[in-house]
There are 2 protein chains.
Amino acid sequence: MKASKKTLALGLALVIGSGAATAQVIGKADDQIRWRQSAYHTMAWSMGRIKANVEGTYNKDQVIEAANVIQAIANSKMGALFQPGTDSGKGWKNTRVKKEFFSDRETLGKVAGTYVKEANEMAKVAASGDAAAVKAQFGKLGDACGACHDKFRQED
Amino acid sequence: MKASKKTLALGLALVIGSGAATAQVIGKADDQIRWRQSAYHTMAWSMGRIKANVEGTYNKDQVIEAANVIQAIANSKMGALFQPGTDSGKGWKNTRVKKEFFSDRETLGKVAGTYVKEANEMAKVAASGDAAAVKAQFGKLGDACGACHDKFRQED
């Protein structure tokens, strides 16, 4: 039970920050929504690049570049962009975040922790240049992204 | 003269890719414009985070996180998102790229090379935790961003 709580706390700290490391809040609500939409789309572009490489001609450098972008964003504590008052509103478009994001911290901590773990692993595997391993890890990372979308993102 | 051409070629290769490392083209024109707008805004968020830290309470981890995002994006060969046909069009909003981006490769190579260099230096300085050095490097990186905006981005 304690271990589980520890994992949860770690997941939340990874994404939201905690204690002294709590991110300084910058931006108004609409800025925060636009920035988080931008960061998710930058990761989507990078996922698309990895996909194109594992399905087409494999280029180690391109996969490393894309995986490094995903890793850096995953470790940037984007939770700071989900301040109170950003549960609705418009950045580039209306936010699709569900209310549960702000209330179900336990599930959030779990899915967030998995996503950061798989993003870090993706960067490690990309550096190895092993195309088969990259393909497998790409699947795991995609599942981690999807788990958060399923729980916390409204359908279009 | 040769050295200068080498520097230019390096700058272009850093941003656009060259030879075997040319990025596989993914996305339609509007996707490419939306992805590059997203990546620039993700860097803008990260620059804002560094600014908040050098002007307010300095937190080493936050600056490292933000600098790593900028570095990873700067090294991701975003030139692949400026394919022919993306000189106009709408991603999140109408692109502001100037025609010169596609014609003046010499200037592009120079400003791009400087931007990648300063982004890499920013990540290195952030890791040191030296707030004064971070402040100075933040200024240099901001100048590098601004040089590209001046040359290749239309005013709103």
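Here's a quick rundown of the structure. (Residues numbered from 1 in each chain as written. Chains lettered and ligands numbered in written order. Predicted model: local features only at pLDDT ≥ 70, side-chain atom pairs only at ≥ 80, totals over all residues. Heavy atoms only, no water.)

In this assembly, 32 residues from chain A lie in contact with 32 residues from chain B. Both faces considered, chain A and chain B share a buried interface measuring about 2800 Å² in area, 62% of it formed by carbon and sulfur atoms. For chain A, the biggest contributors to the area lost against chain B are Gln24, Trp45 and Trp92 of chain A; these three give 26% of the whole. At the boundary of chain A with chain B, the tally comes to 2 salt bridges. Taken together, the connections running from chain A to chain B amount to 9 residue pairs in polar contact (both at pLDDT 80 or more). A total of 11 residues in the side of chain A that touches chain B trace back to one element, the largest contributor, which is helix α2 (residues 29-55) of chain A. (Contact = heavy atoms within 4.5 Å. Buried area = accessible area lost by both parts, 1.4 Å probe. Salt bridge = Lys/Arg side-chain N within 4 Å of Asp/Glu carboxyl O. Polar contact = N/O pair within 3.5 Å; in protein donor to acceptor, adjacent residues only side chain to side chain. Helix = DSSP H or I, 4+ residues; strand = E, 2+ residues; numbered from the N terminus.)

Aligned on chain B, chain A shows an RMSD of 0.0 Å; the corresponding rotation is 180 degrees and the shift along the axis is 0.0 Å. When the rotation and shift are considered jointly, the pair of chain copies conforms to a two-fold rotation axis. Taking C-alpha positions as reference, the residue of chain A nearest the rotation axis is Ser38 of chain A, located at 2.1 Å. Mapped onto chain B, 100% of the interface residues of chain A are again interface residues, and the two copies thus contact each other with one and the same surface. (Least-squares fit on C-alpha atoms with pLDDT ≥ 70 in both.)

Residues and elements named next belong to chain A. Scanning the entire structure with this criterion turns up 9 aromatic pairs over all chains. With centroids separated by 6.5 Å and ring planes inclined at 55 degrees, the aromatic side chains of Phe82 and Phe102 adopt a geometry described as tilted. Here Phe82 is found in the loop between α3 (60-74) and α4 (100-103), whereas its partner Phe102 is found in helix α4, with 20 residues between them in sequence. Since its relative accessible area comes to 11%, Phe82 is described here as buried. For Phe102, a relative accessible area of 25% translates into the label partly exposed. Through pairs of rings, three or more aromatic residues link up here, namely Phe82, Phe101, Phe102 and Phe152. Above the plane of the ring of Trp92 lies Arg34, whose end atom (NZ or CZ) is 5.8 Å from the centre. (Phe/Tyr/Trp six-rings, centres within 6.5 Å; stacked < 30°, edge-to-face > 60°. Buried < 20%, exposed > 50% of the residue type's maximum accessible area, 1.4 Å probe, protein only. Lys NZ or Arg CZ within 6 Å of the ring centre and 35° of its normal.)

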